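# Fold and contact review
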Amino acid sequence: MKRPFFLLHLLFLLLAFSSFSLFLHLFSKTKPHPQNPNLKFFPHSPLKVYIADIPREFNYGLLEHFYSLRGPDSRLGWNPDASRFSSFLHRLIKTHFSTPPYPQNPLIKPHGAEYYMLNDLQKVKDPKGAAVIRVYTSDEADVILVPFFASLSAEIELGWGQKGKFMKRDEEKNSDYRRQREVVDRIKMSEAWRRSGGRDHVFVMSDPVAMWHVRREIAPAILLVEDFGGWYKTDSNICRNEDICHNSNIIQHTEVSLLKDVIVPYHHLIPTLRLLDNRPRHTLLYFKGAKHRHRGGSVREKLWNMLANKTGVIMEEGSLNSTSIQDSVKGMRDSEFCLHPAGDTPTSCRLFDAIASLCIPIIVSDQIELPFEGTIDYTEIAIFISVKNALTPNWLLNHIKSFSEEHKETFRTNMARYQSFFEYDGGGAVNQIWEMINRKLPIIRQAIIMQKRKTDDMQPRDLTCHCT
């Protein structure tokens, strides 16, 4: 009598084990690994991107123009890319055609998202598992990339243009304005722009001053920016009034929104330190940069005065030259924590240098936008402190001293896991940007459809309701 019961019990166990194995098999096939941005699998169809038709002079041709410039960057007093021009020219002659490298100038390199995204679309890809594929008509596309190197254009004007002319809308004396104007005029005349009102167009404008003069005209588009700090109405002169500077209305809400726009990372200047190469750290807190900043950056000067003479803390004025960058490499790699107060904008390249250096970021900000949130939980890799607490005497240092060695090691392990998300050279950052755009497609499509029922004599809709 016991044998049939034993066989029935055995059969039940085998069925249960088979069902569990099938579940694991299906789950492993459908869920992408959350920690590897280079994994060739995405949970939905790849983003289909059409490259808008504008002349080469606005992208790779602009790079060639950059390498033809003579004299130093007026802001640095030297030209970090002077030695690269001859090697690029030699390769150009040898191969007849070559994609110019992006500049290493420390004022330009952090804003290179525009270059890496366009390069990514030149690659031949298997649509299966890819984050993005290029299509060759706008009708096929989910979005349309405007291949204008807007950040490079702005930086060329700032570094080699006529002093004081950057803010002027003068096509003869401000070449950046002339380029902005021509690109926008060309794009707005296209059938694709008229069809969608520009809502499915992508402008990469990571530099805070990129596309400075035409922002209102391209406001409906998907804007790729490093943060919203470059969209302030106020300037440093108005900010003498603290009430005005902390007013929530200082951001142009009709232009930027986390619902449609994408926050992209800076390209870090400091080489990546892998976890296996990490060594004991001897400094508690490190900061290197300018002491005086505008707008929300006033907190930096106050923190400087509070922390400069504290034991275990290094606060150094820094300039963007090769010696200073090497000093930053040494300082960040030797420190437990790296201070990240706001500057002219809420974020800076310094945050991504800290992650590359496995130096735990201390982010002092009440309002900050960060790339790939939703995929990355920044509380796993950084410590967030309010301005009020940071400016309370001794609060900040007592707080970071309270973290155990085990907790600090966990932070560094998490940073090492996410480092590739911020690597443009390896493709991780670019894949994540395409993925973030893909997630916004339902909202973009809804906005395009809603626009179809509007007639020219209707009052325009207030865009503030589209903001977060």
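Here the structure is shown first, and the text comes after it.
These lines cover the structure that appears in this document, whether it is placed above or below.

Reading the values: rules and limits
- Residues numbered from 1 in each chain as written.
- Predicted model: local features only at pLDDT ≥ 70, side-chain atom pairs only at ≥ 80, totals over all residues.
- Heavy atoms only, no water.
- Helix = DSSP H or I, 4+ residues; strand = E, 2+ residues; numbered from the N terminus.
- Polar contact = N/O pair within 3.5 Å; in protein donor to acceptor, adjacent residues only side chain to side chain.
- Contact = heavy atoms within 4.5 Å.
- Buried < 20%, exposed > 50% of the residue type's maximum accessible area, 1.4 Å probe, protein only.
- Pairing = 2+ DSSP bridges.
- Salt bridge = Lys/Arg side-chain N within 4 Å of Asp/Glu carboxyl O.
- Axes fitted to C-alpha atoms, helices over the stretch in contact; angles between N-to-C directions.
- Disulfide = S-S within 2.5 Å.
- 1 Å grid on protein atoms, 1.4 Å probe; cavity = no way out; pocket = protein on both sides within 12 Å on 5 of 7 lines; lining within 4 Å.
- Points joined across faces, edges and corners; volume = space filled by probe spheres on them.
- Phe/Tyr/Trp six-rings, centres within 6.5 Å; stacked < 30°, edge-to-face > 60°.
- Parallel < 35°, antiparallel > 145°, perpendicular 65-115°, else oblique.
- Left-handed = near helix turned anticlockwise from the far one by under 90°.
- Nonpolar A, V, L, I, M, F, W, Y, C, P; charged D, E, K, R; others polar.

Let us now look at the side chain of N438. Looking at where N438 falls in the secondary structure, it is placed in helix α15 (residues 428-439). A polar side-chain atom of N438 sits 3.1 Å from the main-chain carbonyl oxygen of S45. The residues touching N438, leaving out its near neighbours within four places in the chain, are H44, S45, P46 and L47.

Another point: the side chain of S335. With respect to the helices and strands, S335 occurs in strand β9 (residues 335-341). Using a relative accessible area of 0% as the deciding quantity, one classes S335 as buried. In terms of polar contacts, S335 uses its side chain to reach the backbone carbonyl oxygen of G331, at 2.6 Å. Non-local contacts of S335, meaning those with residues more than four positions away in its chain, are made with R281, T283, Y286 and C359.

Where burial is concerned, the two faces of strand β3 (residues 143-146) agree: the one with V143 and L145 and the one with I144 and V146 are both buried. Inspection of the sheet shows strand β1 (residues 47-51) paired to β3 by three bridges, in the parallel sense. For I51, the partnering residue across the bridge sits in β3 and is L145.

Once that is clear, we can look at the environment of E369. Inspection of the secondary structure assignment puts E369 in the loop between β10 (360-364) and β11 (383-385). When the C-alpha atoms of E369 and P346 are compared, they prove to be 7.7 Å apart, with 23 residues separating the residues in sequence. In this structure E369 touches E226, D227, F228, L258, I263 and T347, once residues within four positions along its chain are discounted. In terms of polar contacts, E369 uses its side chain to reach the backbone amide nitrogen of F228, at 3.0 Å.

Glancing now at the environment of F411. Relative to the helices and strands, F411 is located in helix α14 (residues 405-418). For F411, a relative accessible area of 5% puts it in the buried group. Each C-alpha atom of the pair F411 and C359 lies 9.0 Å from the other, and the pair is 52 residues apart in sequence. Leave out the neighbours within four places in its chain, and F411 touches I360, T379, E380, I381, A382, I383 and F403.

Below, the discussion takes up unusual backbone geometry. Non-glycine residue M211 carries a positive phi angle of around 55 degrees. Residue placement: M211 occurs in the loop between β4 (201-204) and β5 (222-225). Positive phi is not limited to glycine here, since L358 has a value of about 60 degrees.

Strand order in this open sheet of six strands is β2-β1-β3-β4-β5-β6, and the pairing throughout is parallel. The sheet terminates laterally at β2 (132-135) and β6 (262-263), the two strands that pair on one side only. Pairing geometry for β3 and β4, over three bridges, is parallel. Note on β4: the bridge partner recorded for L145 is V202.

Let us now look at the pattern of salt bridges. Two side chains bearing opposite charge may form a pair once their charged atoms approach each other closely. Per the stated rule, a full pass over the model turns up 20 salt bridges. When salt bridges that share partners are traced, they join E336, E405, K408, E409 and R412 into one network.

The next point concerns the sheet that holds strand β8 (residues 313-316). On the basis of which strands lie adjacent, the open sheet formed by five strands has the order β8-β7-β9-β10-β11 and parallel pairing. Two strands close off the open sheet at either side, each with one partner strand: β8 and β11. Between one strand and the next, the sheet's axes are offset by a mean angle of 20 degrees, whatever the strand orientation. Bridge analysis of β9 against β10 gives five bridges, and the strand direction is parallel. Looking across to β10, one finds that F337 is bridged to I360. Relative to β10, α14 is tilted by about 90 degrees, and along the sheet it contacts β9, β10 and β11.

What follows is about the state of the cysteines. For the coordinates displayed, the defined rule picks out one disulfide. The residue that forms a disulfide with C338 is C359, at a sulfur-sulfur distance of 2.1 Å. Where C338 bonds to C359 through sulfur, the torsion about that S-S bond is close to 105 degrees, and the disulfide is right-handed. Highlighted residues: C338 in strand β9 and C359 in the loop between α11 (349-356) and β10, separated in sequence by 21 residues. Of the two residues, C338 and C359, neither departs from the other in class, the shared state being buried.

Attention now moves to empty space enclosed by the protein. Inspection of the entire model under this criterion finds two cavities of 30 Å³ or more. The volume enclosed by the second largest cavity comes to roughly 30 Å³. Every residue along the wall of the second largest cavity is listed here: H268, F352, I355, A356, Q419, F422 and E423.

This next bit is on the packing of aromatic side chains. Counted under the stated rule, the structure contains 16 aromatic pairs. Residues Y115 and Y116 carry aromatic rings whose centres are separated by 5.2 Å and whose planes lie at 90 degrees to one another, so their mutual orientation is edge-to-face. Of the two residues examined, Y115 and Y116, each falls in the buried class. Ring geometry for F372 versus F422: centroids 6.3 Å apart, planes at 15 degrees, classification stacked.

As a further point, take α11. Of all eight residues that make up α11, eight are buried, and the element is covered over most of its length. Of all the residues in α11, the buried ones are C349, R350, L351, F352, D353, A354, I355 and A356. Note on α11: the residue one or two positions beyond its end, L358, has a positive phi of about 60 degrees.

To continue, consider the packing of helix α2 (residues 60-68) against helix α5 (residues 150-160). Where α2 contacts α5, the two axes come as close as 10 Å, and the packing angle between them is 20 degrees. The orientation of α2 with respect to α5, classified from their angle, is roughly parallel. Of the two possible hands of crossing, α2 and α5 adopt the one that is left-handed. Mapping the contact onto sequence places L62, L63, H65 and F66 in α2 and L152, S153, I156 and W160 in α5. In terms of residue class, the contact of α2 with α5 is built from six nonpolar, two polar and no charged.

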